[in-house]
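# Geometric and topological summary
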Amino acid sequence: MESRAVICYLVLPFLCLCFAEEVKVIVKGATSIAETDEAFICATLDWWPETKCNYNQCPWGKAGVLNLDLENKILANAIKAFRPLRIRIGGSLQDQVVYKVGTSDLECPQFKSIHNGLFGFSKGCLPMDRWDLMNKLFNETGAKITFGLNALMGRMVSKDDDSLMLGEWDPKNALDFMKYTASKGYKIDSYELGNELCGSGVSKRVKAEQYGRDIIVLKKLVQELYPDPFTQPKVLGPAGFYDKQWFNVFLQTSGPHVVDGLTHHIYNLGAGVDPSLINKIQDPNFLDQIAQTYKDISGSIKSYGPWSRAWVGEAGGAYNSGGKYVSHSFVDGFWYLDQLGMTSAFNHKVFCRQSLIGGNYGLLDTTTFIPNPDYYGALLWHRLMGPRVLYASHNGTPYLRVYSHCSKKTTGISLLAINMSNSTMFDVLVTDDSNSNPQEADQREEYHLTPKDGNILSDVLLLNGKALEVTEGYDIPAMNPQVVDASSPLKVAPRSIVFVTLRGFKAPACAL
């Protein structure tokens, strides 16, 4: 018995090859079910200062908009690798930011911790020399920029409800900033008005009718500053948590062709300090619950704003800077990549990850700038998964999540498989809905992502068994696939993530 146990231990990593569960994945390639933007992957830069703390930790360091090292080579190369990476500049403190521009007599204060301030902070300021340096980085790396404007300028607190802000938005300071930006030739993909002021708000709120009138003002300013429709920035809002009644009234008030992107935020994993966070991330039934929100957002657009498109404008999984040990580790990819697949299927155009750097959930380490596992998952998605979304399903356990898109830069399809099971390997056969094998090519390309030493809380990601590490020249490493016989099943190991490209898969929707 002892020798048999030793033998089983030694061969345990290979036992799944013999006793894998067979799963048939059906991809309907005749028509697409949704379409994302080409620059679907997005990451945020936030305004938080070093003194942003939660749960007796201060995980932001010098990662905020005003103190981030913009000359860091890893940062530049990490952005450049996407060509383009969409970056959203915004967050909780954006509605306290003034823009020190031109001959403005506005003071230029620094964020300071104060007891009665919005989110515990005083007002802050963006000097134009800082904005110039940021745009130097964006221009060199090819980033697509969404800029979140202060939407509380000109408003006053209600005497009856200290969370309710009354009055019209005063756009003067924002207009001066936008004029400066346009005069310098800085490329802005979109302007967003306010942050988390919709519905019941997070700290403050604005009524939907007023917000709708304010965003009409912003739209007119954008049209005047950028008369060329081909270079005119999009207008986004309301950048907060979905409230059906509020969102519907907002769309009705703002009217046709004003709101280009209906942005909403997702923190469906709860508080970063929650000890069950790691379990939620691995629970497919829990992860499925957010699908109703995506469905409802689509319903609001269909009924009240068919000219608009759904965006996840900010999503960090767990709020208050994420989980200290979880949100930057391998296991977070189960949540993140599953959300990318799910929102794509619900016709969302963009998904903005909180954050590019900062907090516990940064794609890059706050101190070293070294990419965390989710960075590489995002980059593989960006390179492999095209805009056209295909319907994919299987009859196996919900712990195997599967999503399919037309391949981005080649023929055929790309597939994402996420195995949340801690013990079961899956042998996956990919077919079309006629139950045939539409694969014409002899080979396929596979990218197997696993954590170092099998530890799902590791920050080190293995691609096809090899650790992904920044090069000595601070470049993002090459991510080459392993080429496999296309007639063999796709093996998805326990607690692993696999991207696969099937160049020869006949999908009429991908040939259009």
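## Section: the overall build of the chain
- Across its full length, the chain holds 11 helices and 27 strands.
- Here the chain holds 512 residues, and 58% of them are scored as buried.
- Sequence-distant contacts, at least 24 apart, represent 76% of the contacts inside the chain between residues at least 6 apart.
- As displayed, the chain has an accessible area near 21,700 Å², and 52% of this comes from carbon and sulfur atoms.
- Counting 49 positive and 53 negative side-chain charges, the chain places the averaged centre of each group 3 Å from the other.

## Brief notes about helix 9 (residues 291–304)
- For helix 9, built from 14 residues, the straight-helix expectation of 20 Å at 1.5 Å per residue is met to within 8% by its first-to-last C-alpha distance of 20 Å.
- Those residues of helix 9 that fall on the buried side of the exposure criterion are Ala291, Tyr294, Ile297, Ser300 and Ile301.
- Of the surrounding elements, those touching the buried residues of helix 9 are helix 6 (244–254), strand 13 (261–266), helix 8 (284–288), strand 15 (309–315), helix 10 (332–345) and strand 17 (348–353).

## Focus: the nonpolar core
- Residues Trp131 and Phe499 are the most contacted members of the largest nonpolar core, which totals 130 residues.
- Tallying contributions element by element places helix 11 (residues 373–384) first for this core, with seven residues.
- Contact partners of Trp131, with chain neighbours within four places excluded, come to Ile89, Leu126, Phe138, Phe147, Phe177, Tyr180, Thr181, Tyr186 and Ile188.
- Leu390, Ala392, Ala417 and Val428 belong to the second largest nonpolar core, which has 22 residues in total.

## A short note on the state of the cysteines
- Following the criterion strictly, the structure yields four disulfides and no others.
- In this model, Cys42 is linked to Cys352 through a disulfide, with the two sulfur atoms separated by 2.1 Å. Residues Cys42 and Cys352 share a disulfide whose torsion about the S-S bond is about 85°; that sign makes it right-handed. Of the two residues, Cys42 is situated in strand 3 (residues 41–45) and Cys352 in strand 17; the sequence distance between them amounts to 310 residues. The exposure classification of Cys42 matches that of Cys352, with both residues buried.
- Through a disulfide, Cys406 is tied to Cys510; the S-S separation comes to 2.0 Å. Between Cys406 and Cys510, the disulfide has an S-S torsion of -85° and is therefore left-handed. Of this pair, Cys406 sits in strand 19 (residues 400–407) while Cys510 is found in the segment after strand 27 (496–502), placing the two residues 104 residues apart along the sequence.
- When its relative accessible area of 5% is taken as the criterion, Cys406 is described as buried.
- Among the residues examined, Cys510 registers a relative accessible area of 23% and is labelled partly exposed.
- What links to what in the chain: the bonded cysteines, counted in sequence order, pair as 1-6, 2-3, 4-5, 7-8.

## What about helix 11?
- Helix length check: helix 11, at 12 residues, gives a terminal C-alpha distance of 17 Å against a target of 16 Å (1.5 Å per residue), a fit within 8%.
- Across the 12 residues that make up helix 11, a large majority, 11, are buried.
- Considered for burial, the residues of helix 11 that qualify are Pro373, Asp374, Tyr375, Tyr376, Gly377, Ala378, Leu379, Leu380, Trp381, His382 and Leu384.

## Notes on the pattern of salt bridges
- With the rule as written, the count across this model stands at 20 salt bridges.
- We note a salt bridge from Asp214 to Arg155, for which the minimum N-O separation is 2.6 Å. Of this pair, Asp214 sits in helix 5 (residues 208–225) while Arg155 sits in the loop between strand 8 (144–149) and strand 9 (156–157), placing them 59 residues apart in sequence. As far as burial versus exposure is concerned, Asp214 and Arg155 are alike and both buried.
- Of the charged contacts, one joins Asp274 and Lys280 as a salt bridge, the two residues approaching to 2.8 Å between their closest N and O atoms.
- Look at Asp274 and you get partly exposed, because its relative accessible area is 21%.

## A look at the packing of aromatic side chains
- Applying the stated rule across the entire model yields 22 aromatic pairs.
- The interplanar angle of 75° and the centroid separation of 5.8 Å between the aromatic rings of Tyr211 and Phe250 together place this pair among those described as edge-to-face. Note that Tyr211 is positioned in helix 5 and Phe250 in helix 6, a separation of 39 residues in sequence.
- Of the residues examined, Tyr211 reaches a relative accessible area of 0% and is grouped as buried.
- Seen from their ring centres, Tyr242 and Phe247 are 5.0 Å apart, and the 65° between their planes marks the pair as edge-to-face. Both residues of the pair, Tyr242 and Phe247, count as buried.

## A closer look at the side chain of Ser421
- Within the element layout of this structure, Ser421 appears in the loop between strand 20 (413–419) and strand 21 (426–432).
- A distance of 3.0 Å separates the side chain of Ser421 from the backbone nitrogen of Thr424, its partner in a polar contact.
- With sequence-adjacent residues up to four places away left out, Ser421 is seen in contact with Tyr399, Pro494 and Arg495.

## Here's the deal with unusual backbone geometry
- The peptide bond linking Gly237 to Pro238 adopts the cis configuration, its omega dihedral lying at 5°.
- If you trace the backbone, Pro238 turns up in strand 12 (residues 234–240).
- Of the consecutive residues Gln354 and Ser355, the connecting peptide bond is found in the cis state with omega at 10°.
- Mapping Ser355 onto the fold places it in the loop between strand 17 and helix 11.
- Even without being glycine, Asn464 reaches a positive phi, approximately 50°.
- Within the fold, Asn464 resides in the loop between strand 23 (461–463) and strand 24 (466–467).
- Overall, the relative accessible area of 24% leaves Asn464 in the partly exposed class.

The rules behind each value
Each chain has its residues counted from 1, running along the sequence as written. Whole-chain, interface and lining totals are the exception, using all residues; otherwise, since this is a predicted model, local features are given only for residues with pLDDT of at least 70 and side-chain atom pairs are given and counted only at 80 or more. For the side-chain quantities, the full set of heavy atoms in the structure was used; hydrogens and water were omitted. We count a stretch as a helix when DSSP gives it H or I for four or more residues in a row; a strand needs E for two or more, and each element gets its number in order from the N terminus. Accessible area is worked out with a 1.4 Å probe on protein chains only. A residue is then buried under 20% of its type maximum, exposed over 50%, and partly exposed in between. The contact definition used throughout considers only heavy atoms, calling two residues in contact when any of these lie within 4.5 Å. Note on areas: these come from Shrake-Rupley sampling with a 1.4 Å probe, and a residue is covered only by the protein chains present in the view. Just so you know, the count uses Lys and Arg for positive and Asp and Glu for negative, and it drops His and the chain ends. Here the site of a charge means NZ on Lys, CZ on Arg, CG on Asp, or CD on Glu. Residue count minus one, scaled by 1.5 Å, sets the expected span of a helix. Residues enter a nonpolar core if they are buried and are Ala, Val, Leu, Ile, Met, Phe, Trp, Tyr or Cys, with the set joined through side-chain atoms within 4.5 Å. Here, the term disulfide refers to a pair of cysteine sulfur atoms separated by no more than 2.5 Å. When a carboxyl oxygen of Asp or Glu is within 4 Å of a side-chain nitrogen of Lys or Arg, the pair counts as a salt bridge. Here the aromatic set is Phe, Tyr and Trp, taking the six-membered ring for Trp, and pairing holds for ring centres within 6.5 Å; pairs whose planes are under 30 degrees apart are stacked, those over 60 apart are edge-to-face, and all others are tilted. The term polar contact refers here to a pair of N or O atoms within 3.5 Å; inside protein, the definition further demands a hydrogen-donor-capable atom paired with an acceptor-capable atom, and it admits residues adjacent in sequence only when both atoms are side-chain atoms.

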